[in-house]
Amino acid sequence: VFDVLIVGGGPAGAAAAIYAARKGIRTGVLAERFGGQVLDTLAIENFISVKETEGPKFAIALEQHVKEYDVDIMNTQRASKLVKVGKRIEVQTESGAVLKAKSVILATGARWREINVPGEQEYRNHGVAYCPHCDGPLFKGKRVSVIGGGNSGVEAAIDLAGLVSHVTLIEFGAELRADAVLQRKLRSLPNVKVITSAQTTEIHGDGKKVNALSYTDRNTNESHKVELEGVFVQIGLVPNTEWLKDTITLSRHGEIEVDARGQTSLPGVFAAGDVTTVPYKQIIIATGEGAKAALSAFDHLIRSDDD
Ligand code: FAD
């Protein structure tokens, strides 16, 4: 029986594991892919105290740091169910194993919703980006497009307009869906063009990096090509909570609802990182939240009469 079982091996899960293990309690990490989204990231320049690193390098550093402690890492295992059985919490894996724990920290992260057009995968990290806070500065002085006219797309366009030379915002629907105040701000910017009723059809490149984007005008059916160096896909972040639907309270976006201590709706179950309702999905925030969830789990353990 684990004192703390962490599901997810990204920045939040790794931080939780280190904080839990440092309390001398029996700690396990179950992860489908240790490292998480960081494995798909090129440059990281905003993890404070590390001026610059690369995603895969950061992921190795996370794992090495966790391995400094007595943590049972179960990698390439996917959790499929969480159930409370008496005082224990059980996590079942897709391979059929059942892990028992006194407390659980959910840190299964999220994934960016993809547009699924030719060029998206090929130029991922080579002009196709998903996170303006992370990758915006890499496009300084260049031309970019933002796909998606909801709050995150319009926020991204406003943010990027201050860094890049020009932003083309592309929205599938006839109107932007962002809050009016954001739309006003967007329309006041001289270097932003908004195109609505536009379906992105392809991201083009020279074999190495992005150089254009094609879209179809849904009113006229005409195809257009925009020359640019970067494409930010902003059509939503999907939390990895499909397997928790029946056991934990989720927000309407599918995020795990947590309180200020990372406590979920199920006593003894905590959550941290991109999978939760905590805003701003960033590594430094996920690690902080992971540390917090571990301390909360420890607090929970010393207050329960379970042994
Ligand atoms: P994740 O990193 O998503 O990790 C989730 C973990 O849970 C993984 O190990 C995954 O395999 C596992 N998992 C999921 N489902 C299950 C399951 N059912 N069973 C078991 N395990 C499961 N942030 C920055 O601060 N700076 C940047 O420069 C930056 N660049 C980015 C670039 C890209 C391309 C992307 C995609 C993201 C970037 N981010 C950046 C965001 C950052 O990566 C995330 O905020 C951070 O990784 C969140 O950490 P997490 O631990 O909450 O989740």
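These figures come from a predicted structure and were not determined experimentally.

Student: What am I meant to see in the sheet that holds strand β15 (residues 210-217) here?
Tutor: Across a sheet, paired strands are connected by hydrogen bonds in the backbone, their directions being either parallel or antiparallel. The three strands are arranged β14-β15-β16 in an open sheet whose pairing can be described as antiparallel. Each edge of the open sheet carries a strand with a single partner, namely β14 (198-205) and β16 (223-227). Ignoring which end each strand starts from, the neighbouring axes of this sheet average 25° apart. One ladder, built from seven bridges, connects β14 with β15; its direction is antiparallel. Looking across to β15, one finds that E202 is bridged to S214.

Student: What am I meant to see in the nonpolar core here?
Tutor: The nonpolar side chains of a soluble globular protein tend to be buried, and buried together. In this structure, L5, A16, V91, V104, I105, A107 and A271 are the most contacted members of the largest nonpolar core, which totals 48 residues. Among the elements that take part in this core, helix α1 (residues 11-21) stands out by supplying nine residues, more than any other. Grouped together as the second largest cluster of nonpolar side chains are 33 residues, Y123, I170, L228 and V231 included.

Student: Just checking my understanding: could you explain the site of the ligand for this structure?
Tutor: Looking at the ligand, there are 39 residues lining it, with G8, G10, G36, G109 and G273 nearest. Class assignment for the residues of the shell around the ligand results in 20 nonpolar, 13 polar and six charged.

Student: Help me out: how do you make sense of the packing of α1 against helix α2 (residues 55-67) in this one?
Tutor: Helix-helix packing is described using two parameters, namely the angle between the two axes and the distance between the axes. At a closest axis distance of 9 Å, the pairing of α1 and α2 adopts a crossing angle of 20°. Viewed along their axes, α1 and α2 adopt a mutual orientation that is roughly parallel. α1 and α2 meet at a crossing whose hand is left-handed. Of the residues in α2, those in contact with P11, A14, A17 and I18 of α1 are L62, H65 and V66. Classifying every residue of the contact of α1 with α2 by side-chain character gives six nonpolar, one polar and no charged.

Student: It is not clear to me how the environment of I170 should be interpreted in this structure. Could you clarify?
Tutor: Along the chain, the position of I170 falls in strand β12 (residues 166-170). Using a count of 25 C-beta atoms within 10 Å as the deciding quantity, one classes I170 as buried. In sequence terms I170 and S197 are 27 residues apart; their C-alpha atoms lie 8.1 Å from each other. The contacts of I170, once residues within four sequence positions are left out, are S145, I147, I195, A198, T200 and Y215.

Student: Quick question: what am I supposed to make of the packing of α1 against helix α6 (residues 283-303) here?
Tutor: α6 packs onto α1 with a crossing angle of 35° between their chain directions and a minimal axis gap of 7 Å. In terms of crossing hand, the pair formed by α1 and α6 is right-handed. Of α6, the residues touching α1 (which contributes P11, A12, G13, A14, A15, A16, Y19 and A20) are I283, A286, T287, E289, G290, A291, A293, A294, L295, A297 and F298.

Student: Just checking my understanding: could you explain the confidence of the model for the protein for this structure?
Tutor: Any segment with low pLDDT has predicted coordinates that should not be analysed in fine detail. When the pLDDT values of the protein are averaged, the result is 96; 99% of them are 70 or greater. Listed scores for the predicted complex are pTM 0.88 and ipTM 0.99.

Student: Looking at this structure, I do not really get the sheet that holds strand β11 (residues 143-147). What am I missing?
Tutor: Pairing within the open sheet is parallel, and its five strands lie in the order β10-β17-β11-β12-β13. Since the sheet does not close on itself, it has two edges, and those belong to β10 (128-129) and β13 (192-195), each with one partner. The pairing of β11 with strand β17 (residues 230-233) spans four bridges and is parallel. Looking across to β17, one finds that S145 is bridged to V231. In the packing of helix α4 (residues 151-161) onto the sheet, contacts are made with β11, β12, β13 and β17, and the angle to β11 comes to roughly 165°.

Calculation notes
- Residues numbered from 1 in each chain as written.
- Predicted model: local features only at pLDDT ≥ 70, side-chain atom pairs only at ≥ 80, totals over all residues.
- Pairing = 2+ DSSP bridges.
- Helix = DSSP H or I, 4+ residues; strand = E, 2+ residues; numbered from the N terminus.
- Axes fitted to C-alpha atoms, helices over the stretch in contact; angles between N-to-C directions.
- Core = buried A, V, L, I, M, F, W, Y, C linked by C-beta atoms within 7 Å.
- Buried ≥ 20, exposed ≤ 12 C-beta atoms within 10 Å, placed from the backbone.
- Near = placed C-beta within 6 Å.
- Nonpolar A, V, L, I, M, F, W, Y, C, P; charged D, E, K, R; others polar.
- Parallel < 35°, antiparallel > 145°, perpendicular 65-115°, else oblique.
- Left-handed = near helix turned anticlockwise from the far one by under 90°.
- Contact = placed C-beta atoms within 7 Å.
- pLDDT = per-residue confidence, 0-100.

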